[in-house]
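Close look at the chain arrangement
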Amino acid sequence: MNKLPDGGLALASLEEQLLQPGVKGLPITEPLRQGAIGVQRWNVLAGDTSFPVAVLKQSALQHNLDWMQCFCQRYGAVLAPHGKTTMSPQLFGAQLGNGAWGITLATISQVQIAYRFGVRRVLLANELVAPADIRAVLHLMKEDAGFEFFALVDSAEGVARLSQAVQHSGLQRPLPLLVELGIAGKRAGCRSAQQVLELARAVAQAPGLELAGIEGYEGLLVSHDRAADVEAVSTFVAQIVEIVRQADKEGLFGATQILLSAGGSAYFDLVARGFSRIDGLSRPVLPVLRSGCYLTNDHGFYHGLTQELGEREGAVLKDGLLPALEVWSVVLSRPEPTLAILSMGKRDASYDIDLPLPLLVHRPGDAKPQALPEGVRIEKMNDQHAYLRLPEGHALCETLQVGDLLGCGISHPCTTFDKWTLLLAVDDDYTVHHAVNTFF
């Protein structure tokens, strides 16, 4: 029998690995031990790093960790943050160390990576169907009795495949499943409460399986009409709660507690509030939220949504979530009075929702960076270049120079993290303290 990996040793090995020249953002010409990065005392504003460089502001990360912990405590919920946002073992560790119940993931390769680095409770927010993926999960469950795993199901075919696989595997404990309630025209999930209940009965009766709970994803209801969103999400959450009541009334749940899960990064307060109203069941209910983008937030899409969340929550949870992720680049060219070409592009920063948002300009040697005025925007990006458009007649048209540094916020952190194998954690003065790795 092969010994399964120790998460602590795997994390420690990241600090011991030798980083070779060519790691994006690092200014090295010879191999450098990752754990020695902080000793270098590089400062982004001094131009010490290579550009572009992605940075995580440590103070904002810690604020967001603490804020979400307080939020969950307020509603009696637990957090299984979606790991696909960062796919960073160090950030998984920070989330678990700050009280997260587990980690949510989307694919079995993500599960295996998380397990390698010490994650021992996983909620797969996806259907488990491919034979190789099923075998991989059952292998972990067989080899490690301490590994807790939950998956989603939305079809009788899925139930049958999983039941058969568990029986053939020799696993001596049931595979816990949550039946997924979906939304018409959207992603996976049963399309009605009746379908969910019928499938829940099938799971409860299937050899080798256990009905652990009911699940949904309200993030698919996000639109440009916020009032309509709030109503639709609240209705969707209430539907999940009612399904749980009915399934419990029929005695379908097999574990000592019932998992009730939803909660993306946009309307998780509505989910938490709706889930907190369920009581009077045969066993305790565990509301599991799955927000992943809360950790870094952003300067665009989620920033606006979480500001609205803060208004709904009132002053109880003050300050809200803070943007922690920035991408810095250098001005490569000033070919026209109102145009600057930056050293970052689609390979470096999110562009699937909004283009990067210019925040700060800095000339190495100056005291501190300056906020960019309204009207400065990135109008398009190529693979490796961004087009920074300056307001006609603004002083920046004369003062912005080749070699100046531009700090950009992003909109939708998920699709910036997946462009970097390594990001640098900085203090509020942009001095680099350590690195975090990603595994996409």
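1. Some remarks on the overall build of the protein chain
A count of helices and strands for the protein chain gives 12 helices and 20 strands. A compact globule built from 440 residues would reach a C-alpha radius of gyration of about 22 Å, and the protein chain, at 24 Å, matches this within 12%. Oriented by its inertia axes, the alpha-carbon framework of the protein chain measures out at about 75 × 55 × 35 Å. Taking all 440 residues of the protein chain together, 55% fall into the buried category. Taking all contacts inside the protein chain whose residues are at least 6 apart in sequence as the whole, residues at least 24 apart take part in 72%.

2. Details of the nonpolar core
Counting 116 residues, the largest nonpolar core has Phe149 and Val179 as its most contacted members. In this view, Val179 contacts Val153, Cys190, Val196, Leu199, Ala200, Val203, Leu211, Gly213, Ile214 and Glu215; residues no more than four positions away in its chain are not counted. Grouped together as the second largest cluster of nonpolar side chains are 23 residues, Leu19, Val44, Leu45 and Leu422 included.

3. Here's the deal with the pattern of salt bridges
In total, this model carries 19 salt bridges according to the counting rule given. In this structure, Glu250 and Arg201 form a salt bridge, with 2.7 Å as the shortest nitrogen-oxygen distance. Of this pair, Glu250 sits in the loop between helix H8 (226-249) and strand S10 (258-262) while Arg201 sits in helix H7 (residues 193-205), and the two are 49 residues apart along the sequence. The exposure class assigned to Arg201 is partly exposed, which follows from its relative accessible area of 25%.

4. Some remarks on helix H10 (residues 301-313)
For H10, with 13 residues, the first-to-last C-alpha span of 19 Å sits near the 18 Å given by 1.5 Å per residue. Restricting attention to buried positions, one finds in H10 the residues Tyr302, Leu305, Thr306, Leu309 and Glu313. Projected down its long axis, H10 shows its buried positions confined to an angular sector of 95 degrees, all on one face. On the buried face of H10, the contacting elements are helix H2 (58-75), H8 and helix H9 (268-275).

5. Observations concerning the environment of Ala130
Checked against the element boundaries, Ala130 lands in the loop between strand S6 (121-127) and helix H5 (131-143). Distance from Ala130 to Phe417, taken between C-alpha atoms, is 27 Å for residues 287 residues apart in sequence.

6. Overview of H2
Compared with an ideal rise of 1.5 Å per residue, which puts 18 residues at 26 Å, H2 spans 26 Å between its outermost C-alpha atoms and is within 8% of the ideal. Within H2 the residues assigned to the buried category are Ala60, Leu61, Asn64, Leu65, Trp67, Met68, Phe71, Cys72 and Tyr75. Those residues of H2 that are buried lie in contact with strand S3 (53-57), strand S4 (78-79), helix H3 (89-97), H9, strand S11 (285-289) and H10. Immediately beyond the C-terminal end of H2, within one or two residues, lies Gly76, with a positive phi of roughly 70 degrees.

7. Some points on the packing of aromatic side chains
This model, assessed by the stated rule, comprises 10 aromatic pairs. A centroid spacing of 5.6 Å and a plane angle of 10 degrees characterise the contact between Trp67 and Phe71, whose relative ring orientation is stacked. Here Phe71 and Trp67 lie together in helix H2, a separation of four residues that amounts to about one turn. For the pair Trp67 and Phe71, one class covers both residues: buried. For the pair Phe71 and Tyr75, a centre-to-centre distance of 5.2 Å together with 50 degrees between the ring planes defines the contact as tilted. In this pair, Phe71 and Tyr75 both sit in helix H2, four residues apart, roughly one turn of the helix. The same class applies to Phe71 as to Tyr75, namely buried. Among the aromatic side chains, those forming a connected cluster through ring pairs are Trp67, Phe71, Tyr75 and Phe268. The positively charged end of Lys24 is found above the aromatic ring belonging to Trp420, 4.1 Å away from the centroid. When the ring centre of Tyr351 is taken as reference, the NZ or CZ atom of Lys346 above it lies at 5.4 Å.

Definitions and cut-offs
Residues numbered from 1 in each chain as written. Predicted model: local features only at pLDDT ≥ 70, side-chain atom pairs only at ≥ 80, totals over all residues. Heavy atoms only, no water. Helix = DSSP H or I, 4+ residues; strand = E, 2+ residues; numbered from the N terminus. Rg over C-alpha atoms; globule rule 2.2 N^0.38 Å. Buried < 20%, exposed > 50% of the residue type's maximum accessible area, 1.4 Å probe, protein only. Contact = heavy atoms within 4.5 Å. Core = buried A, V, L, I, M, F, W, Y, C linked by side-chain atoms within 4.5 Å. Salt bridge = Lys/Arg side-chain N within 4 Å of Asp/Glu carboxyl O. Expected span 1.5 Å × (residues − 1). Arc of directions from axis to C-beta. Phe/Tyr/Trp six-rings, centres within 6.5 Å; stacked < 30°, edge-to-face > 60°. Lys NZ or Arg CZ within 6 Å of the ring centre and 35° of its normal.

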